[in-house]
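Architecture at a glance
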Amino acid sequence: MMTMTGAELIVRLLEQQEIETIVGIPGGAILPLYDALSQSKRIRHVLARHEQGAGFMAQGMARVTGKPAVCFASSGPGATNLVTAIADARLDSIPLVAITGQVPLAMIGTDAFQEVDIYGMTIPITKHNFLVRSAAELLEVIPQAFRIAMSGRPGPVLVDVPKDVQNQLVTFERLPAPAVPDPLPPLDETAIAAAARLIDEAERPVLYLGGGVIHADAAPLAVTLAEQTAMPTTMTLMALGAMPVDHPLSLGMLGMHGARYTNFALQESDLLVCVGARFDDRAIGKASQFCPEAKVIHIDIDRAELGKIRRPDVAIHGDVKAVLQALLPRVRAQLRKRWLSHVASLKSRFPLVLEGRDDPRSHYGLIQAVAKALDDDAVVVTDVGQHQMWVAQAYPLRRPRQWLTSGGLGTMGFGLPAAIGASLAEPQRTVVCFTGDGSLKMNIQEMATLAEEGGKVKIVLMNNQSLGLVYQQQNLFYGKRVIASNYRRPTDFVKIAEGFGLETLDLDHSAHPEADLAAILRRPGPALIHCSIDRERFVYPMVPPGAANTEMIEG
């Protein structure tokens, strides 16, 4: 028999789950857990500077590895500061276990100091959550939290543990087995056979890949399906890297800021094979006018997504990887020369123009210069805004989990902490974080965490002295009535980064920008690379909000 406190038991269960790094910030209600963690020889703790940063660092670890990651926060404001990161993980299907401290059980509901109902508050934004009422419950709750987070469609789970439960003694015979994912749904062989027939019969099919392909580690199978059936392939923002951007069948990203040829090819398709995507509005534009002539095959692990926005002709509920493995032997090899020739013609007539791509001080040129200096082992992280779309359009992404970005929630402030998390999980890789001046200010305090940890994280700041996408939309759709989107006073980001202890490079004052950029990217340790960008550089093409994808503004 073993006896330990609830806090000690949590640490033992996390060790058993092979958690090696936890990010968080301590506070009174979670101090017993931190005290127990101090005795662990297998788990290291990384001190974030804001709980939202801790949540995004955990996300960075989970996104780059595909495994559940853990963050800690105390009660009250510590827990509420995690909410945005939890909601972001829910919308992008990221496996996350957030453990929060809570006031003692007897004080719940009394408006005690730093008490908030984080359990009730997070019900809509988690896969599941727990309020633990006894230390004995932890033997079941902690493994359950991991099982739920990584089963089916991944997502975040919150475990709220009152302080007295953390201190409570519990006696038990043995630790439970480490959590494993639930069994995969059974394959619907009839639906798979029907899907194969539709693919074989189609003349103008397009393969439409979403983030579920990345989560299921199914990208190689998706590429094989495309090659075997000669299907041009488009990717959502979350799926970039599933097919190498320079693959002959790649159409790149679809949707609001996708290439015109991509959206035109989709419009002419007679079959859309949707794999692990959810028909998000930013991807499909006006739903009633998206691929109007196409039959639809929809494959997804989440049954709720099937038919939610577009009614499929064949719906397959299942693990993307398992379904593709079953589908591949059933579809015949085809060349589809006529369709591929037409798609090539669309690419030639409606190319994606990367203006200034040879100038490392321009938006596209800076992205191209960074890519040129790095190899495919690098991890590419972005914040949210114009820079995010420019990178999605211009960076040559060639492998799954190379690309980390906030898609569903679109959270400014995601980039820097997520990049730190990616570096914590895979320290051998260079992690480049493209950000804007608006986004960087959201979690700029995490530069202190980055300097302390010393990861090989390079922050590439594209500074246009504005909230760029807001300014762009005001100019395009609100009669150029600009309000609250331009900063009146410049910020000296180079001095700030130096104050935190980072190496810096200001490309505005570099005599040899491309060489200096390559040199700092290849050096070990963290750095900030600053470059001023013209505020009038907008993201094109752009589908106006509520319009069809074929109604793009070319710029």
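See above for the structure.
To keep things clear, this report deals only with the structure shown in the data block.

What counts as what
Residues numbered from 1 in each chain as written. Predicted model: local features only at pLDDT ≥ 70, side-chain atom pairs only at ≥ 80, totals over all residues. Heavy atoms only, no water. Phe/Tyr/Trp six-rings, centres within 6.5 Å; stacked < 30°, edge-to-face > 60°. Helix = DSSP H or I, 4+ residues; strand = E, 2+ residues; numbered from the N terminus. Buried < 20%, exposed > 50% of the residue type's maximum accessible area, 1.4 Å probe, protein only. Core = buried A, V, L, I, M, F, W, Y, C linked by side-chain atoms within 4.5 Å. Contact = heavy atoms within 4.5 Å. Pairing = 2+ DSSP bridges. Axes fitted to C-alpha atoms, helices over the stretch in contact; angles between N-to-C directions. Left-handed = near helix turned anticlockwise from the far one by under 90°. Nonpolar A, V, L, I, M, F, W, Y, C, P; charged D, E, K, R; others polar.

Let us now look at the packing of aromatic side chains. Taken as a whole and assessed by the stated rule, the structure comprises 9 aromatic pairs. Pairing Tyr-34 with Phe-72 gives two aromatic rings, centres 5.7 Å apart and planes at 75 degrees, and the pair type is edge-to-face. Pair noted here: Tyr-34 is in helix α2 (residues 31-37) and Phe-72 is in strand β4 (residues 69-73), with a separation of 38 residues, a long-range link. Phe-72 shares its class with Tyr-34; the two are buried. With 5.5 Å between their ring centres and 80 degrees between their planes, Tyr-208 and Phe-279 make a pair best called edge-to-face.

So, about the nonpolar core. In this structure, Val-370, Tyr-395 and Phe-434 are the most contacted members of the largest nonpolar core, which totals 77 residues. Not counting the four nearest positions on each side in its chain, Phe-434 is found in contact with Ile-367, Val-370, Val-380, Val-381, Thr-382, Asp-383, His-387, Val-391, Tyr-395, Val-460 and Met-462. By size, the runner-up hydrophobic cluster in this structure holds 50 residues, among which are Ala-54, Cys-71, Val-457 and Leu-502.

Moving on, we come to the sheet that holds strand β15 (residues 379-382). In spatial order, the strands read β16-β15-β17-β18-β20-β19; together these 6 strands make up an open sheet with parallel pairing. Edge positions in the open sheet fall to β16 (403-404) and β19 (503-506), since each of these has one partner strand only. Relative to strand β20 (residues 527-532), β19 runs parallel, the two being bridged by 4 bridges. Paired with Thr-504 across the bridge in β20 is Leu-528. On top of the sheet, helix α16 (residues 363-373) reaches β17 (431-436), β18 (457-463) and β20; it is set at about 170 degrees to β18, its chief contact.

All right, on to the packing of helix α9 (residues 189-201) against helix α14 (residues 320-327) then. Each pair of packed helices can be described by the angle between their axes along with the distance between the axes. Interaxial distance between α9 and α14 falls to 10 Å at its minimum, and their mutual angle equals 60 degrees. Considering the relative orientation of α9 and α14, their crossing is right-handed. Between α9 and α14, the residues in contact are Ile-192, Ala-195, Ala-196 and Ile-199 and Val-323, Ala-326 and Leu-327, respectively. A per-class count over the contact of α9 with α14 returns 7 nonpolar, no polar and no charged.

Turning to the sheet that holds strand β11 (residues 250-253), a few remarks are in order. Spatially, β11-β10-β9-β12-β13-β14 is the arrangement adopted by the 6 strands of the open sheet, whose pairing is parallel. With one partner strand each, in any of the chains shown, β11 and β14 (314-317) form the two edges of the open sheet. Each strand of the sheet is rotated relative to its neighbour by a mean of 15 degrees, with strand direction disregarded. Judged from the 5 bridges that link them, strand β12 (residues 271-275) and strand β13 (residues 295-300) form a sheet pairing that is parallel. What sits directly across from Leu-271, in β13, is Lys-295. Packing of α9 onto the sheet brings it into contact with β12, β13 and β14, and relative to β14 it is tilted by some 135 degrees.

The values reported here are purely geometric and, on their own, carry no functional implication.
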